[in-house]
Amino acid sequence: MADHSLDEFRRRWQEELAQAQALRKRRRPEAAERRPWRPENEMDDVPFFDIQLPYELAINIFQYLDRKELGRCAQVSKTWKVIAEDEVLWYRLCQQEGHLPESSISDYSCWKLIFQECRANEHMLRTNWKNRKGAVSELEHIPDAVLCDVHSHDGVVIAGYTSGDVRVWDTRTWDYTAPFLESDYEEDEPGMQPYVSFVRINSSLAVAAYEDGFLNIWDLRTGRYPIHRFEHDARIQALALSQEDATVATASAFDVVMLCPNEEGYWQIAAEFEVQKLVDYLEIVPDTGRYPVAVATAGDLVYLLKAEDSARTLHYVYGQPVTCLDVSSNQAAFGVKSLGWVYEGNKILVYSLEAERCLSKLGNALGDFTCVNLRDSPPNLMVSGNMDRRVRIHDLRTDTIALSISAHQLGVSSVQMDDWKIVSGGEEGLVSVWDYRMNQKLWEVHSRHPVRHISFNCHSLITAHVPYERVVRNADLDNFVTHRRHRGLIQAYEFAVDRLAFQSTVPICRSSCDTIPGYNYDLALAFPCDNI
């Protein structure tokens with residue numbers, strides 16, 4: 001009976017193969033022209049052990065193999081080599097590993113070669129990161145102002161100063177002559193503009209909040225003048241800008257306002273909320289669809305703010321203030337300081353934004369958690385910084401600490417991680433790069449002021465050192481040494497292979513003779529300017 005069933009199975013299998021081959025012969029002629037050339041006597045029937053398979057069916061089997069397995073299959077026979085080097089397979093591998101995600105299969109003629117070049121470039125970038133091999137540049141400062149806040153997005157940096165000026169740099173083009181974003185303040189009273197409290201930027205918008213409660217919004221694609229101006233009655237305590245669309249959230253006094261343009265392009269108030277305490281941290285949740293969603297912390301309260309709903313309390317424990325905040329598309333993570341008679345240690349709580357309930361309680365530290373990065377971390381991992389000078393990697397699957405590193409001399413002020421490294425900044429001004437898989441520090445760099453902003457991708461790193469004090473006590477601002485001590489610093493690191501030519505060129509040598517930074521250095525240089 002078993003032999004009869006096996007013969008019947010083989011007969012049906014051969015019939016299905018015959019039908020597939022007949023259908024393949026009747027396919028459209030133009031489909032055959034798009035496929036790479038191959039010998040007809042080999043590709044009509046592909047040998048798979050004791051059976052023959054159509055070419056399309058063999059491709060469907062090979063698509064589940066990775067690059068190493070495809071290389072091994074290419075050594076079996078000439079027929080398998082042609083299949084293992086099919087453009088569809090290598091194009092799919094490029095897409096799966098994140099190489100050229102916006103390309104189509106018709107953009108290149110040999111996707112296997114493209115895949116090898118992308119892998120080699122990725123290896124070179126990782127080597128440059130580890131050895132600190134690349135170009136380092138200081139973004140040009142404003143001579144008579146102190147740095148107040150810095151933000152960046154995809155290599156574009158925005159900075160606000162005590163003079164009220166806002167500047168934008170595009171580090172991707174190595175053009176460090178940053179344009180000023182104009183404001184609507186009158187020029188009759190020079191030097192009387194209020195300080196810039198916060199700045200934010202995404203791919204199309206730049207936003208700046210001022211000490212007097214004004215908010216300016218610029219469209220980076222249209223010009224240097226603001227497209228919208230909004231005024232609060234009090235000082236703005238927090239500012240957030242969506243990284244995906246044109247949604248701005250501000251917190252002033254006990255009000256949180258969400259702004260976004262309508263279908264005609266005119267900016268309007270999308271939602272307005274009233275909270276019980278002054279807002280400390282404010283973030284916009286990414287990928288929420290039509291209605292914007294934000295998370296705000298005010299003392300020991302955490303609010304979930306949905307545009308179509310009223311403010312809802314996500315978390316509240318009396319006497320346990322929130323010390324840091326970050327959000328992803330479906331989760332929110334924030335540090336909680338434990339006080340009172342029952343001391344449980346400072347923790348990081350992870351909440352589900354859909355279920356509005358606590359998912360994890362992480363850590364048990366003596367110091368306050370000062371920064372947390374959930375959005376940029378790998379899946380199921382999260383990195384945090386603490387006042388106890390340690391950087392911690394949290395495993396969200398097991399609610400445990402996967403790694404704890406003593407990283408800084410003072411508290412950790414900023415941190416970010418990817419699939420193999422951590423970049424952290426401390427209150428003492430130290431920027432450290434770690435390979436957390438090896439638990440090893442790769443390199444570090446120091447500046448005078450605390451690190452308030454860190455942002456990196458596979459080939460670049462942006463760091464910002466923002467001073468505690470925004471007032472220069474010494475009036476001699478023309479002195480470079482005095483001004484450097486107070487003004488703050490923004491540095492751009494580039495590890496890409498094709499941009500290492502600027503590695504040996506210091507910023508003064510890229511200055512022209514008619515600019516102040518070109519000659520206002522207390523250095524005895526024989527040739528202060530060299531653009532040749």
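What counts, and where the lines are drawn
- Residues numbered from 1 in each chain as written.
- Predicted model: local features only at pLDDT ≥ 70, side-chain atom pairs only at ≥ 80, totals over all residues.
- Heavy atoms only, no water.
- Buried < 20%, exposed > 50% of the residue type's maximum accessible area, 1.4 Å probe, protein only.
- Helix = DSSP H or I, 4+ residues; strand = E, 2+ residues; numbered from the N terminus.
- Pairing = 2+ DSSP bridges.
- Salt bridge = Lys/Arg side-chain N within 4 Å of Asp/Glu carboxyl O.
- Axes fitted to C-alpha atoms, helices over the stretch in contact; angles between N-to-C directions.
- Expected span 1.5 Å × (residues − 1).
- Arc of directions from axis to C-beta.
- Phe/Tyr/Trp six-rings, centres within 6.5 Å; stacked < 30°, edge-to-face > 60°.
- Lys NZ or Arg CZ within 6 Å of the ring centre and 35° of its normal.
- pLDDT = per-residue confidence, 0-100.
- Contact = heavy atoms within 4.5 Å.
- Patch = residues over 30% accessible without salt bridge, like charges linked within 9 Å, V, L, I, M, F, W, Y side chains within 5 Å.
- Areas by Shrake-Rupley, 256 points an atom, 1.4 Å probe, with all protein chains shown as cover.
- Lys, Arg positive; Asp, Glu negative; His and termini not counted.
- Charge placed at Lys NZ, Arg CZ, Asp CG, Glu CD.
- Polar contact = N/O pair within 3.5 Å; in protein donor to acceptor, adjacent residues only side chain to side chain.

Caption draft 1: Representation of the pairing of strand E28 (residues 421–426). When you tally the buried positions in E28, you get six out of six residues, the bulk of the element. Burial along E28 is two-sided: Lys-421, Val-423 and Gly-425 and Ile-422, Ser-424 and Gly-426, pointing in opposite directions, are all buried. Relative to E28, strand E27 (residues 412–417) runs antiparallel, the two sharing five bridges. Along E28, the bridge assignment pairs Val-412 with Gly-426. Taking the residues that link successive antiparallel strands as the turn, the E27-E28 hairpin has three residues. Judged from the five bridges that link them, E28 and strand E29 (residues 430–435) form a sheet pairing that is antiparallel. Its bridge partner being in E29, Val-423 is matched across the sheet by Val-433.

Caption draft 2: Fine view of the pattern of salt bridges. Applying the stated criterion to the full structure yields 23 salt bridges. Across the pair Arg-172 and Asp-170 runs a salt bridge whose closest N-O atoms are separated by 2.9 Å. Taking relative accessible area as the criterion, Arg-172 reaches 37% and is therefore assigned partly exposed. On the basis of relative accessibility, which here comes to 24%, the residue Asp-170 falls in the partly exposed class. In this structure, a network of salt bridges that share partners links the residues Arg-67, Glu-97 and Arg-119.

Caption draft 3: Spatial organisation of the sheet that holds strand E5 (residues 156–161). Pairing in this open sheet of three strands is antiparallel, and the strands run E4-E5-E6 from one edge to the other. Taken across any chain shown, the strands that pair with only one partner, and hence form the sheet edges, are strand E4 (147–153) and strand E6 (166–170). In this sheet, neighbouring strand axes are inclined to one another by 15° on average, regardless of whether the strands run parallel or antiparallel. Relative to E6, E5 is paired through five bridges, and the arrangement is antiparallel. Bridge pairing in E6 places Val-157 opposite Trp-169.

Caption draft 4: Geometry of unusual backbone geometry. Here Asn-380, not a glycine, exhibits a phi torsion of approximately 65°, which is positive. A relative accessible area of 36% means that Asn-380 is categorised as partly exposed. Phi at Asp-399 is positive, roughly 55°, even though this residue is not glycine. Here Asp-399 shows up in the loop between strand E25 (390–395) and strand E26 (400–406).

Caption draft 5: Focus on helix H8 (residues 111–131). Over its 21 residues, H8 runs 30 Å from end to end, which matches the ideal 30 Å to within 8%, given 1.5 Å per residue. Restricting attention to buried positions, one finds in H8 the residues Trp-111, Ile-114, Phe-115, Cys-118, Leu-125, Asn-128 and Trp-129. Taken down its axis, H8 places every buried residue within 150° of arc, on the same side. Summarising the geometry of H8, the exposed residues directed more than 90 degrees from the buried face are His-123 and Asn-131. Note on H8: the residue one or two positions beyond its end, Arg-132, has a positive phi of about 55°.

Caption draft 6: Expanded view of the packing of aromatic side chains. Summed over the entire model, instances satisfying the criterion amount to ten aromatic pairs. Here the guanidinium or amino end of Lys-421 rests over the ring plane of Trp-129, the centre of that ring lying 4.4 Å away.

Caption draft 7: Seen up close, the pairing of strand E20 (residues 331–336). In terms of burial, E20 is a largely internal element, six of the six residues being buried. Side-chain alternation along E20 places Gln-331, Ala-333 and Gly-335 on one buried face and Ala-332, Phe-334 and Val-336 on a second face that is also buried. Sheet topology note: the strand E19 (residues 322–327)/E20 ladder contains five bridges and is antiparallel. The partner of Cys-324 across the bridge, within E20, is Gly-335. Joining the antiparallel neighbours E19 and E20 is a turn of three residues. Pairing of E20 with strand E21 (residues 346–352), which is carried by six bridges, proceeds in the antiparallel orientation. Counterpart to Val-336 in the pairing with E21 is Lys-347.

Caption draft 8: Summary view of the confidence of the model for the chain. Per-chain confidence: the chain averages 82 in pLDDT, with 80% of residues scoring 70 or above. Below a pLDDT of 50 lies the segment residues 28–42, which in the model reaches 14 contacts outside its immediate sequence neighbourhood of four places, other chains included. Counting contacts from residues 500–532, a segment whose pLDDT is below 50, to residues more than four positions away or on other chains yields 41 contacts.

Caption draft 9: Structural detail: a negative patch on the surface. A cluster of acidic side chains, namely Asp-212, Glu-231, Asp-233, Asp-255, Glu-272 and Glu-274, defines a negative patch on the protein surface. Counting through the fold element by element, Asp-233 comes out in the loop between strand E10 (228–231) and strand E11 (236–241). By relative accessible area, Asp-233 is classed as exposed at 84%.

Caption draft 10: Examining the side chain of Asp-326 more closely. Inspection of the secondary structure puts Asp-326 in strand E19. The charged side chain of Asp-326 is buried without a salt bridge, its nearest counter-charge being Arg-375 at 4.5 Å. Of the polar contacts made by the side chain of Asp-326, one reaches the backbone nitrogen of Leu-374; its length is 2.6 Å. Beyond its immediate stretch of four places on either side in the chain, Asp-326 contacts Ala-332, Ala-333, Val-372, Asn-373, Leu-374 and Arg-375.

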